[in-house]
Each structure stands twice: as C-alpha cells, then as structure tokens.
Amino acid sequence: MDLNRNIALAEKYPLDFTLQYPPRREYFQSRFRGTPDLSAAQKVSDMLLYLHVPFCAAKCYFCNFAVDVRTAEGLHQRYTDLLCLQLERLDNFLPRHVRVPGIDIGGGTPTLLEEAQLRQITAALKPWRARTTCEHPLSIETTPRIAATNPERMQALLDGGVTRISMGVQSANAATLQAVNRGLQENMTRKAVQNLRQAGFRRINVDIIFGLPNQTAADWQAEIDNILDLGVDSVTTYDCLYRGKGRALTKRTADKPNPVTYGALYDLSYHMLANAGFHAAYGSVNFSRHAGETGTSPYFEGRLFDHIPYLGAGNYASSQVGNSWWFAPYSTNAWMERIEKGDTLPGGDCYDLPPMELMAKQVLQSLNFGTINTQRFETRFHAAFDDVYADAIKTALAKGWMHRIDTGYGVTPGYFSHMPQIRALFYTTDAITWVADGEHTALPLKATAGKRKEIA
Ligand SMILES: C[S@@+](CC[C@H](N)C(=O)[O-])C[C@H]1O[C@@H](n2cnc3c(N)ncnc32)[C@H](O)[C@@H]1O
Ligand code: SF4
C-alpha cells in the first residue's frame, strides 16, 4: 500500500485527519447508507447508554454538538418527559441479561434542566442502574456557571446516583470566553468546584480546549495553571476542531492553528500536568490524578477501549450495534414527535460499515488515548492488529512516530504535531481516495481559508 499518499494528504489537509473518523460524514453517506437493525441489540451481553440533553444557555462558537438554545415555555419539561419515556421503552426492549457498564448524560448542557427534571431523569435511570456493573457508572456534564449557582441541582444528581461530573471550563481567559460566545461563566470555576466537592462528587473532571483563536503558549500555560489550582481529579485537554457547518469558529477564524502549534501546546500542558501528578499516555487527551484510571467515564472507556455497543437516547444521539452506526433525528422537535408517535429508538442517518471501516473507526478512537491496545483490538475483531495494519504500523515505527508498549503501540513523546500523519496511516484506502478526490474543494490551512464549503 502506498502510505506516502496518506502522509502527504495529512500534511496538506490536516483538518481531514482529526480525532473524528470518518474524515467527513459525506464519505460514509456516499457509500454505506443502511437501516438500523435494532434486533441486534437484543443479542449482546453488554450495552452502554448515552442520554442527550440538547439545551444550552448560548451556543459556543467552537461547538458542533446538537444544541438547542430555545427557552419556550414547557419545552424542557416535554423533552424530559419524552426522554424518560424512551428510557422506559428501551429498558423493556433490552433482555434482562444485558448488562450496562456505563451511562453518560451529555449534551448540550443537561444541568440546564431544573432540579425536579434532573430528579425525574435519574429516577428513570433506576432500572438501568440495576443493570450496571461498576461502582460509579453514571456521569454527567455541567458548566461552571450552573455548578456555581445551582447547588440544589448538583445535590439532586448525587441523590440520583451520579458520582462523576465533567465540567466544561474551556478557558478562564475573559477575552477568549467573549470571543467564543461563552462569557457567562467568568470567575465562576472556583466556586463551582467548591460546590461539587461539598456536594460529594467522587470524581470531578474539567474540559479545556487548546488552539482557540489567538491563543498563545503563555495563554495556554495560564489556563493550565488555573486548572491545577482547582484540585480536580482529571482533566481533558481537547485540541480545538475547526470543521463542520455547526461551528461558527470554522468560518470566523482565518488563521487556524496548524499541527505544529497544536503539538507545542499539547507538549506544554502534557509536561505541566505530568509534573503536577497527573498521568496519561503521551498523545492522550485525558489526564487523571488516580492510579489505574484514565480520567474518562466508564461509558467512554467502554466505547473507546473495549468497543462495547452503545445506545443513544435523545435527539441526535448516536448508537452503534454490530456493524451499524446510526443517529437519532437532529432536530429536537423531530425527535420528540417520533417518541410521541411510539418509536423506541427513532433512527435518522444510518451507516452499515464494512469491517475495515469499523476497524479504522476504533483504531482512530483509541489514538485519542495515545495508544492502540492490540489485545483489545483482537478481542473485538477476531483479527491480529499486526496483520491487518502491518504496513501502517511498520511505517509508524520506522518513522519513530509510534513505539512498542506492553499493551501494543503508543504515540512517541514529542510527536503530537504528527497526529494527522499518524492517523492517516490507519485510514481505509477508500477514505484516503475520497479525501484525495476532493482535493479541489479541500482546504489547506491558511492558504484558502473560508473558500471551502464546510459540510460535516
Ligand atoms: C458536549 S460538550 C460540553 C459540555 C458542556 N455543555 C460545556 O460546554 O461545559 C463536551 C466537550 O466537547 C469539547 N468541545 C466542544 N467543541 C469542541 C471543539 N470544536 N474542539 C474540541 N473540543 C470541543 C468541549 O471541551 C466540551 O466540554
Ligand atoms: S460547548 Fe457546551 S455549552 Fe457550549 S454550545 Fe456546546 S454543549 Fe453548549
């Protein structure tokens, strides 16, 4: 296989080689459209569960999640009622033997819901928690503003069995927050963490983003200093993605950071966090203070490391069972109407993926943790990683981008700036051809900013 083509494309179009595979959704849409086969979900032994709550106070310019900023009277309650109804239908649908290793409530901002609505959701999760297999299976996302000003909601979550909470700090810099339409949280982070500790959360995670517009190394260093001061259990450092029609920043930012800038910022925070007692494999975006933990939720660990199938409740929640990967309807209203009509798991876009695409998706996801675990790959795909990716891994090793570790392969310290090239080695030939064929519309960084039509 001519992997030089993969590497050259990644150098030219790094935005097509980010932590999300496929390169753009259109690649799957043009080739693998299918229909969800829900009955496959009844044949598995383990199933993860995701709940999507789309509501947010405002839409951050960097965000591409399915977000709904409407505040119409009764909307949140109607959505909450229907989400609970869907949970009940799904629970009835799954045979009793199916275990649930992890549950995430994400969004959007699920804690934008009122205390009573949060209690309603955790009550609806009771039968699901009876199926769980680990001590702290339930995790939720919040924002500093809500955690700081609504302690009663935090208490409701704890009462309902939520023990891990992830707070999107993103930045503590006032100018940056304003620039990304997130001025609502200034100076609230410290109070927020205090509230969460007082309430009794066992694991507090914070998300921060690097590579935001005009962010310098000194700015990023100040962000990490701020986070270290908070004394949280884990930190997720996301490299800012600039693609997709839902992200206002994609269009607004002419001078997007390049992989070398991302690499320098990642290395800075990697060393600062490591020196402060956080651990992570190099290349991972998740850092934990606790030995033996990755810092992420059981849901994400199960999904990314062990390739456990998952069901998504709520609008635009994705599900993956067997070789099918599908999404619920994007719009909140469309999803609510489908549940009201009696659907258990309303499907929208669905892709039936061939084995090489499933493998690529999983390998690229595990690279978010800086490693490829060959044993876990073999357990999932009944094929040896070293056989399937013989050329790719040989190239990564020869170039020094990856090295052998006990569990498989790890990204070599110092090579975060090469993540697009490393990822490109594991793209399917078909996906690489798709990117290459789109060269006339692809957007090389800086050169033609704004000209490319952003779709997925
Ligand atoms: C569902 S979102 C957010 C949770 C919560 N609503 C908040 O913002 O505080 C989960 C995480 O995705 C990350 N994220 C959002 N947009 C991103 C982007 N363009 N690039 C990288 N990470 C992003 C953010 O760090 C965010 O905390
Ligand atoms: S980052 Fe969080 S708060 Fe901002 S729009 Fe996205 S989901 Fe909402």
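Another point: the overall build of the chain. Helix and strand counts for the chain come out as 20 helices and 14 strands. For 456 residues, the compact-globule estimate of 2.2 N^0.38 gives 23 Å, and the chain sits close to it at 21 Å. Here the C-alpha coordinates of the chain stretch approximately 55 × 50 × 45 Å along the principal axes. Residues counted as buried form 49% of the 456 residues belonging to the chain. Sequence-distant contacts in the chain: of pairs separated by 6 or more residues, those separated by 24 or more amount to 78%.

Here strand β10 (residues 324-327) shows a buried face lined by Ser324 and Trp326 and a second buried face lined by Trp325 and Phe327. Two elements, strand β9 (residues 318-321) and β10, share four bridges in a ladder whose sense is antiparallel. The residue of β10 that forms the bridge with serine 318 is phenylalanine 327. The antiparallel hairpin formed by β9 and β10 contains two residues in its connecting segment, where glycine 322 sits at a positive phi of about 60 degrees. Strand direction decides the pairing type here: β10 and strand β11 (residues 350-352), joined by three bridges, are antiparallel. Bridge pairing in β11 places serine 324 opposite aspartate 352.

Two faces, one strand: in a regular strand the side chains alternate between the faces of the sheet. Counting buried positions along strand β5 (residues 203-210) gives seven out of eight residues, so the element sits mostly inside the fold. In this structure, strand β4 (residues 164-170) lies alongside β5, joined through six bridges in parallel fashion. Of the residues in β5, the one forming a bridge with methionine 167 is valine 206. Pairing between β5 and strand β6 (residues 234-239): six bridges, direction parallel. For valine 206, the partnering residue across the bridge sits in β6 and is valine 235. Running through helix α10 (residues 217-230), the crossover from β5 to the neighbouring parallel element β6 is right-handed.

Pairing in this open sheet of three strands is antiparallel, and the strands run β12-β14-β13 from one edge to the other. The open sheet terminates on both sides in strands that have one partner only, identified here as β12 (371-373) and β13 (402-405). Recorded for the sheet is a direction-independent mean angle of 25 degrees between the axes of neighbouring strands. In terms of strand pairing, β13 meets strand β14 (residues 408-411) through four bridges, oriented antiparallel. From the neighbouring strand, methionine 402 faces β14, where its bridge partner is valine 411.

Taken together, the neighbourhood of ligand 1 is formed by 16 residues, with Phe62, Gly168, Asp207, Tyr238 and Leu241 sitting nearest. Elements with a contribution of two residues or more to the shell around ligand 1: β2 (103-107), β4 and β5. For the shell around ligand 1, a count of residues per class yields seven nonpolar, six polar and three charged.

For the bond running from tyrosine 21 to proline 22, omega is 15 degrees, close enough to zero to count as cis. Relative to the helices and strands, proline 22 is located in the loop between α1 (3-12) and α2 (25-31). With an omega of 20 degrees, the peptide bond between glycine 107 and glycine 108 qualifies as cis. With respect to the helices, strands and loops of the structure, glycine 108 is situated in the loop between β2 and α4 (115-124). Phi is positive for asparagine 187, which is not a glycine, with a value near 60 degrees. By secondary structure assignment, the location of asparagine 187 is in the loop between α8 (174-179) and α9 (189-199). We note that asparagine 214 has phi near 65 degrees; this positive angle belongs to a residue other than glycine.

Here we take up α10. Between its first and last C-alpha atoms α10 spans 20 Å; for 14 residues at 1.5 Å apiece the expected length is 20 Å, and the two agree. Among the residues making up α10, those that are buried are Trp220, Glu223, Ile224 and Ile227. Seen along its axis, α10 keeps its buried residues to an arc of 95 degrees; they face one direction. For α10, the exposed residues set more than 90 degrees away from the buried face come down to Ala218, Asp225 and Asp229. Lining the buried residues of α10 we find β4, β5, β6 and α12 (259-275). Downstream of α10 by one or two residues, glycine 231 has phi in the positive range, about 70 degrees.

On to the site of ligand 2, then. Around ligand 2, the surrounding shell consists of Cys56, Lys59, Cys60, Cys63, Phe65, Val67, Gly107, Gly108, Thr109, Thr143 and Gly168. When the residues that make up the shell around ligand 2 are grouped by side-chain class, the tally is five nonpolar, five polar and one charged.

This part takes up helix α3 (residues 75-93). Along its 19 residues, α3 runs 27 Å from first to last C-alpha, staying within 8% of the 27 Å computed at 1.5 Å per residue. Among all positions in α3, only Tyr79, Thr80, Leu82, Leu83, Gln86, Leu87 and Leu90 are buried.

Here the focus is the environment of glutamate 340. Position of glutamate 340 among the secondary structure elements: in helix α14 (residues 332-340). Residue classification places glutamate 340 among the exposed positions, given that 12 C-beta atoms sit within 10 Å.

Glancing now at the nonpolar core. Inside soluble globular proteins, nonpolar side chains tend to come together where they are buried. By size, the foremost hydrophobic cluster in this structure holds 127 residues, and its most contacted members are Leu49 and Leu196. The contact partners of leucine 196, leaving out residues within four places of it in the chain, are Ala147, Met154, Ile165, Phe201 and Ile204.

Cut-offs applied
- Residues numbered from 1 in each chain as written.
- Chains lettered and ligands numbered in written order.
- Predicted model: local features only at pLDDT ≥ 70, side-chain atom pairs only at ≥ 80, totals over all residues.
- Helix = DSSP H or I, 4+ residues; strand = E, 2+ residues; numbered from the N terminus.
- Rg over C-alpha atoms; globule rule 2.2 N^0.38 Å.
- Buried ≥ 20, exposed ≤ 12 C-beta atoms within 10 Å, placed from the backbone.
- Contact = placed C-beta atoms within 7 Å.
- Pairing = 2+ DSSP bridges.
- Right-handed = clockwise from strand over helix to strand, strands pointing away.
- Axes fitted to C-alpha atoms, helices over the stretch in contact; angles between N-to-C directions.
- Near = placed C-beta within 6 Å.
- Nonpolar A, V, L, I, M, F, W, Y, C, P; charged D, E, K, R; others polar.
- Expected span 1.5 Å × (residues − 1).
- Arc of directions from axis to C-beta.
- Core = buried A, V, L, I, M, F, W, Y, C linked by C-beta atoms within 7 Å.

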